[in-house]
Amino acid sequence: LNLCIGLVAIVVGMTITKWGIRRTFMMGSGLLIIGTLWLSQVTTQPWHYLVGFGVIVGCGIGMGTIVALSTAVTRWFVRYRGRAMALAMTASGFAGFIGAPAMNKVIAATNGDWRMAWMIVTGIAILSGIIACLFVKERPQDIGQVPDGSEPDPAAKAASSVNTLVTKYAWTPAEVYKSYIYWLTVVAAAASQWPFFFFTAHWIMHLRGKGISPADAAFAMGLFTMGGILGRLISGWLMDRMAARYVMMLGICCYFVGSYLAVVAGPAAMMAAYIAAICYGAGFGWSFVAQNTMLGHFFGMAAYPKVNGNLQAVTAVMVSAAGVVGGKLFDMYKSYTPAFELNAAICAVGILCLVFATMPKAPNVAGKTSAPNA
């Protein structure tokens, strides 16, 4: 699932450029409808589930979420881009926090009929496609506005011209790919996602291995989701006030605290487990909002769909092995401590990359001048 979400991001960048955000959202909803119908009506074998959930649903999520959503926010917001990105991306956190318990109740009420649960997801995907079709607008200019929904005026333009957090140059994807700043950002993004992918795969097993009860472990997982929401909101607020790389560094630092507390957690140290879960959730949500906003700040909205799609694909390949590597380390050492230590080391690499990921300088291109991203 995670691998397909990332790999399809390259295609998403192309579809946004060619057909627009609205149609890309609708294609994502269409794939989700196909995938959930497959799961509810066809699936009887493990490979059916792998194809339906891993490939079709994975591609649907990739088409209808991260790249399309972040592109829309980047086009519609400049001054408040960080906060807008954070608010938009809290949707997934609330969906997990509210939707998962509700779906469990549905399954329990229908004597374990998980097929009915997938039919409900089909209905949600249909509703999502209808909303995208009716209400998504490609750009504020299409309805006579400018980013942030304000009216164009000299004061706004003057404020924009001195905003050092946002590039004024209209980068092309080819120019972005030649910039070492972009590739430092890609490595930093992968470093910030590796601990998250490991954590979601092994956190419950880690706590159970420590002797923590299933109920307490489930509660800690719920705090992990809430920590992601909190991290996104903090990151969005900071992104509008300070340099993007510093915001992302702060987010990655949450993993250091979380890794230490995860190691010392146990039945007699449940608070450590709870705070570790919050820190890991916050670390991912915080750095993920910063990463998506930073690309818009650094390279502008014209190149954004393609370069962000490429970043999502590359990082998906790089971090998709996090769960497997964590499991291998546990098998070798009979403990998750080495895996958490590896997480901390990878995070240190990410922070080192961000130290050098300053605002990129616009290349000298004959006949091409810098221009505000409106």
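Residues numbered from 1 in each chain as written. Predicted model: local features only at pLDDT ≥ 70, side-chain atom pairs only at ≥ 80, totals over all residues. Heavy atoms only, no water.

### A short note on the overall build of the chain
Phase 1: The helix and strand inventory of the chain stands at 16 helices and 0 strands.
Phase 2: Relative to the compact-globule value of 21 Å for 374 residues, the chain shows a C-alpha radius of gyration of 21 Å, a close match.
Phase 3: Each principal axis of the C-alpha atoms in the chain carries an extent, and together these give about 65 × 45 × 30 Å.
Phase 4: Considering only contacts in the chain between residues 6 or more positions apart, those separated by 24 or more positions represent 83%.
Phase 5: If you sum the accessible surface of the chain, you get close to 16900 Å²; carbon and sulfur atoms cover 72% of it.
Phase 6: Side chains of the chain carry 24 positive and 11 negative charges; the gap between the two charge centres is 5 Å. (Helix = DSSP H or I, 4+ residues; strand = E, 2+ residues; numbered from the N terminus. Rg over C-alpha atoms; globule rule 2.2 N^0.38 Å. Contact = heavy atoms within 4.5 Å. Areas by Shrake-Rupley, 256 points an atom, 1.4 Å probe, with all protein chains shown as cover. Lys, Arg positive; Asp, Glu negative; His and termini not counted. Charge placed at Lys NZ, Arg CZ, Asp CG, Glu CD.)

### A short note on the confidence of the model for the chain
Phase 1: Per-chain confidence: the chain averages 88 in pLDDT, with 93% of residues scoring 70 or above.
Phase 2: Confidence, expressed as mean pLDDT per element, reaches its minimum in the chain at helix α8 (residues 154–161) with 47 and its maximum at helix α16 (residues 337–355) with 97.
Phase 3: Overall, residues 158–162 carries pLDDT values under 50, and its contacts beyond four positions in sequence, including any with other chains, amount to 2 contacts.
Phase 4: Counted against residues more than four places away or in other chains, residues 369–374, with its pLDDT under 50, gives 14 contacts. (pLDDT = per-residue confidence, 0-100.)

### Describing the nonpolar core
Phase 1: In this structure, Y182, W203, M248, F340 and L354 are the most contacted members of the largest nonpolar core, which totals 73 residues.
Phase 2: Counting residues per element, this core draws most heavily on helix α13 (residues 270–299), at 17 residues.
Phase 3: Membership of the second largest hydrophobic core comes to 11 residues, among which are V8, V12, I21 and A72. (Core = buried A, V, L, I, M, F, W, Y, C linked by side-chain atoms within 4.5 Å. Buried < 20%, exposed > 50% of the residue type's maximum accessible area, 1.4 Å probe, protein only.)

### Quick word on the state of the cysteines
Phase 1: A complete count under the given rule lists 0 disulfides for this structure.
Phase 2: Free cysteine: C253, not disulfide-bonded; nearest cysteine sulfur from C254 at 7.4 Å.
Phase 3: Take C253: its relative accessible area is 34%, and that puts it in the partly exposed class. (Disulfide = S-S within 2.5 Å.)

### A word on the pattern of salt bridges
Phase 1: According to the stated counting rule, one finds 3 salt bridges in the structure shown.
Phase 2: With a closest N to O distance of 3.2 Å, E138 and R75 form a salt bridge. On the criterion of sequence distance, the pair formed by E138 in the loop between α7 (114–135) and α8 and R75 in helix α5 (residues 66–76) is long-range, its members being 63 residues apart. Here the two residues E138 and R75 agree in accessibility, since each one is buried.
Phase 3: With its nearest N and O atoms 3.3 Å apart, the salt bridge here joins D148 to R79. (Salt bridge = Lys/Arg side-chain N within 4 Å of Asp/Glu carboxyl O.)

### Considerations on helix α15 (residues 322–333)
Phase 1: Helix length check: α15, at 12 residues, gives a terminal C-alpha distance of 17 Å against a target of 16 Å (1.5 Å per residue), a fit within 8%.
Phase 2: For α15, the full list of buried residues reads A322, G323, G326, G327 and L329. The buried side chains of α15 occupy one side of the element, clustering within an arc of 160 degrees when seen end-on. Exposed and facing more than 90 degrees away from the buried side of α15 are V324, K328 and M332.
Phase 3: Close packing links the buried residues of α15 with α10 (180–209), α14 (304–319) and α16.
Phase 4: Phi for K334, located one or two positions after α15, is positive at around 55 degrees. (Expected span 1.5 Å × (residues − 1). Arc of directions from axis to C-beta.)

### Section: unusual backbone geometry
Phase 1: One non-glycine residue with positive phi stands out, namely N111, at about 55 degrees.
Phase 2: Take N111: it is sitting in the loop between α6 (81–109) and α7.
Phase 3: The exposed category is assigned to N111, whose relative accessible area is 78%.
Phase 4: Residues other than glycine seldom take positive phi values, yet K334 does so here, at roughly 55 degrees.
Phase 5: Following the sequence through the fold, K334 ends up in the loop between α15 and α16.
Phase 6: For K334, a relative accessible area of 65% gives the class exposed.

### Things to note about the packing of aromatic side chains
Phase 1: What the rule picks out here adds up to 22 aromatic pairs.
Phase 2: Both rings, one in W171 and one in F299, keep their centres 5.1 Å apart while their planes meet at 90 degrees; by these two values the pair is edge-to-face. Note that W171 is positioned in the loop between α8 and α9 (173–177) and F299 in helix α13, a separation of 128 residues in sequence.
Phase 3: Judged by centre distance (4.9 Å) and plane angle (80 degrees), the ring pair of Y182 and W183 falls under edge-to-face.
Phase 4: Judged by its relative accessible area of 35%, W183 is partly exposed. (Phe/Tyr/Trp six-rings, centres within 6.5 Å; stacked < 30°, edge-to-face > 60°.)

### Points about the packing of α10 against α15
Two quantities define a packed helix pair, namely the angle between the helix axes and the distance between the axes.
Phase 1: With their axes 8 Å apart at the nearest point, α10 and α15 run at an angle of 65 degrees to one another. Helix-helix and strand crossings are classified by hand; for α10 and α15 the assignment is right-handed. Between α10 and α15, the residues in contact are W194, F197, F198, A201 and H202 and A322, G323, V325, G326 and G327, respectively.
Phase 2: Taken together, the residues of the contact of α10 with α15 break down into 6 nonpolar, 4 polar and no charged. (Axes fitted to C-alpha atoms, helices over the stretch in contact; angles between N-to-C directions. Left-handed = near helix turned anticlockwise from the far one by under 90°. Nonpolar A, V, L, I, M, F, W, Y, C, P; charged D, E, K, R; others polar.)

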